[in-house]
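Structure assessment
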Amino acid sequence: MQGTRPRDLLWSSIPDVYAAIIAHPFVRGLTDGSLPMERFKDYIVQDALYLSRFSRAVALVGAKAPDDESSVTLLENAVGALKVERASLHEFLMREWGIGSEVVASAELSPVNLAYTSYLLAVAATGSFEEGLAAILPCFWVYYEVGKELVRRGSNVPVYRRWIETYSSPEYERAVMGVVELADEHLKGLEDPWLKSVLRHFRTSTIYEYLFWDEAYRGWRWPFTLRPLGEAL
């Protein structure tokens, strides 16, 4: 990693995945209006469920930071990003659509959502601080990069335009860059096997980001209910 910023090394490990994200019909549909609104609504509900578990993964990673300043930096910027998403997007859209909190609370995690968040929680709980940081970083960073790309294209659909503007906003950018800068600080000088592990976690989470959009676009769900049959528990 000598002579290369960690952020550059991380990003250079996912060009194929990021290109597939930008080209995906869900993401393209936010700008050209081709994304069915029902698919987007379902995605927002799943995203709200995701953020609840993701925030716990962030807390676990923050607890492993090597010093208090790094822990506070991660948690403050993560909270900043999550507040932008919830206040500017999720809560606003839920009110617009008349979807109450009870609807979200009763919704089941989709297959990809459960797999992704379980992966993040596992890495955060059992991995090093550096591994956990690499695993949670794509959630912030990929969304910011997608937001920057889509804001250049624009959208004639007000709801989709609000999504794009949320993730390209200065407030969101500041929070994301705070986490990216933390990665630059703590991933600098890593060597194998830790470097390979960090890059693998970063790439795996980015692939999960792709799958999250892909699942929402296709409307995939569990083939069976997750609730036990028979007597109510």
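The rules behind the values
Residues numbered from 1 in each chain as written. Predicted model: local features only at pLDDT ≥ 70, side-chain atom pairs only at ≥ 80, totals over all residues. Heavy atoms only, no water. 1 Å grid on protein atoms, 1.4 Å probe; cavity = no way out; pocket = protein on both sides within 12 Å on 5 of 7 lines; lining within 4 Å. Points joined across faces, edges and corners; volume = space filled by probe spheres on them. Helix = DSSP H or I, 4+ residues; strand = E, 2+ residues; numbered from the N terminus. Core = buried A, V, L, I, M, F, W, Y, C linked by side-chain atoms within 4.5 Å. Buried < 20%, exposed > 50% of the residue type's maximum accessible area, 1.4 Å probe, protein only. Contact = heavy atoms within 4.5 Å. Axes fitted to C-alpha atoms, helices over the stretch in contact; angles between N-to-C directions. Parallel < 35°, antiparallel > 145°, perpendicular 65-115°, else oblique. Left-handed = near helix turned anticlockwise from the far one by under 90°. Nonpolar A, V, L, I, M, F, W, Y, C, P; charged D, E, K, R; others polar.

1. A few points about the layout of surface pockets
Looking at the largest pocket, its volume works out to about 220 Å³. Lining the largest pocket are A48, L49, S52, R86, H90, E91, M94, I99, G100, S101 and V104. Listing elements by their share of the lining of the largest pocket, those giving two or more residues are α4 (37–63), α5 (68–97) and α6 (101–106). Among the elements that take part in the lining of the largest pocket, α5 stands out by supplying 4 residues, more than any other.

2. Here we look at the nonpolar core
By size, the foremost hydrophobic cluster in this structure holds 77 residues, and its most contacted members are F40, Y43, I136, F140, V146, W163 and W213. Among the elements that line this core, the one with the most residues is helix α8 (residues 129–153), at 14 residues. When near neighbours in sequence (up to four residues on either side) are disregarded, W213 contacts I21, H24, F26, V27, Y43, V142, Y143, V146 and W163.

3. Brief notes about the packing of helix α7 (residues 111–126) against helix α11 (residues 194–218)
Packed helix pairs are characterised by how far apart their axes lie and by the angle those axes make with each other. As a packed pair, α7 and α11 sit with axes 9 Å apart at the nearest point and diverge in direction by 160 degrees. Overall, the two elements α7 and α11 adopt an arrangement that is roughly antiparallel. Crossing hand, α7 versus α11: left-handed. Here P111, V112, N113, A115, Y116, Y119, L120 and V123 of α7 lie close against α11, whose contacting residues are R200, H201, T204, S205, Y208, E209, L211, F212 and E215. Broken down by class, the residue content of the contact of α7 with α11 amounts to 10 nonpolar, 4 polar and 3 charged.

4. Some thoughts on the packing of helix α2 (residues 15–23) against helix α3 (residues 25–32)
In contact at an axis separation of 5 Å, α2 and α3 are set at 45 degrees when each is read in the N-to-C sense. When the axes of α2 and α3 are compared, the pair comes out oblique. Contacts between α2 and α3 involve I21, I22 and A23 on the former and, on the latter, P25, V27 and R28. Grouping the amino acids of the contact of α2 with α3 by side-chain chemistry returns 5 nonpolar, no polar and 1 charged.

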